[in-house]
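# A look at the structure
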Amino acid sequence: MLIVAVAWIYVVGLMALTEPTVVAGIVTFLFYCVLPLSTLIYISGTGKRKARRRAEEQAAREAREAQQALAASVETEQAAAQDAARD
């Protein structure tokens, strides 16, 4: 994918250089290269962003569950200590 993007930048860059004016060259480069490539790269990265977001949510969920389990074990230990102190 990257090699195709680099080749496309090269081709459009040469097209922009052959335009009669600087403004036309800039517009050619923007509309034939920057906008389409940015759209393509954004669309191709959508799956990776979703997977990263799911992994972050899973890690946060696991951390929250671990914290709750730790709090429950601390409460159990405190209750056991209080029962032992009564006896």
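Here is a short report on the structure shown in this document.

Calculation criteria
- Residues numbered from 1 in each chain as written.
- Predicted model: local features only at pLDDT ≥ 70, side-chain atom pairs only at ≥ 80, totals over all residues.
- Heavy atoms only, no water.
- Helix = DSSP H or I, 4+ residues; strand = E, 2+ residues; numbered from the N terminus.
- Buried < 20%, exposed > 50% of the residue type's maximum accessible area, 1.4 Å probe, protein only.
- Areas by Shrake-Rupley, 256 points an atom, 1.4 Å probe, with all protein chains shown as cover.
- Patch = residues over 30% accessible without salt bridge, like charges linked within 9 Å, V, L, I, M, F, W, Y side chains within 5 Å.
- Salt bridge = Lys/Arg side-chain N within 4 Å of Asp/Glu carboxyl O.
- Lys, Arg positive; Asp, Glu negative; His and termini not counted.
- Charge placed at Lys NZ, Arg CZ, Asp CG, Glu CD.
- Phe/Tyr/Trp six-rings, centres within 6.5 Å; stacked < 30°, edge-to-face > 60°.
- Lys NZ or Arg CZ within 6 Å of the ring centre and 35° of its normal.
- Expected span 1.5 Å × (residues − 1).
- Bend = angle between axes of the 7 residues up to and from the residue.
- Contact = heavy atoms within 4.5 Å.

## Structural notes on the overall build of the protein
Counting its regular elements, the protein contains three helices and zero strands. Tracing the protein from N to C terminus, the helices and strands come up as α-α-α. In terms of principal-axis extent, the alpha carbons of the protein reach across some 95 × 25 × 15 Å. Among the 87 residues that make up the protein, the fraction classed as buried is 10%. About 7200 Å² of surface is accessible on the protein, with carbon and sulfur atoms providing 66% of the total.

## Comments concerning a positive patch on the surface
A contiguous patch of positive charge on the surface is contributed by Lys50, Arg52, Arg53 and Arg54. Residue Arg54 is classed as exposed on the basis of its relative accessible area, which comes to 56%.

## A look at the packing of aromatic side chains
Considering all chains together, one arrives at zero aromatic pairs under this definition. Arg49 extends its terminal NZ or CZ atom over the ring of Tyr42, reaching a point 4.1 Å from the ring centre.

## Notes on the environment of Ala80
Residue position: Ala80 is located in helix H3 (residues 46–86). Put simply, Ala80 and Met1 are 79 residues apart on the chain and 61 Å apart in space, counted from C-alpha to C-alpha.

## Let's talk about helix H2 (residues 22–44)
Taking 1.5 Å as the rise per residue, H2 with 23 residues should run 33 Å; its terminal C-alpha atoms sit 32 Å apart, in good agreement. Maximum bend of H2: about 35 degrees, positioned at Leu30. Restricting attention to buried positions, one finds in H2 the residues Gly25, Thr28, Cys33 and Leu37. Contact partners of the buried residues in H2: helix H1 (2–17).

## Details of the side chain of Thr28
Looking at the element boundaries, Thr28 is found in helix H2. What Thr28 contacts, discounting residues up to four positions off in sequence, is Val12, Met15, Ala16, Glu19 and Cys33.

## Examining the environment of Ala69
For Ala69, the location among the structural elements is in helix H3. Sequence spacing of Ala69 and Ala24 is 45 residues, and the spatial spacing of their C-alpha atoms is 64 Å.

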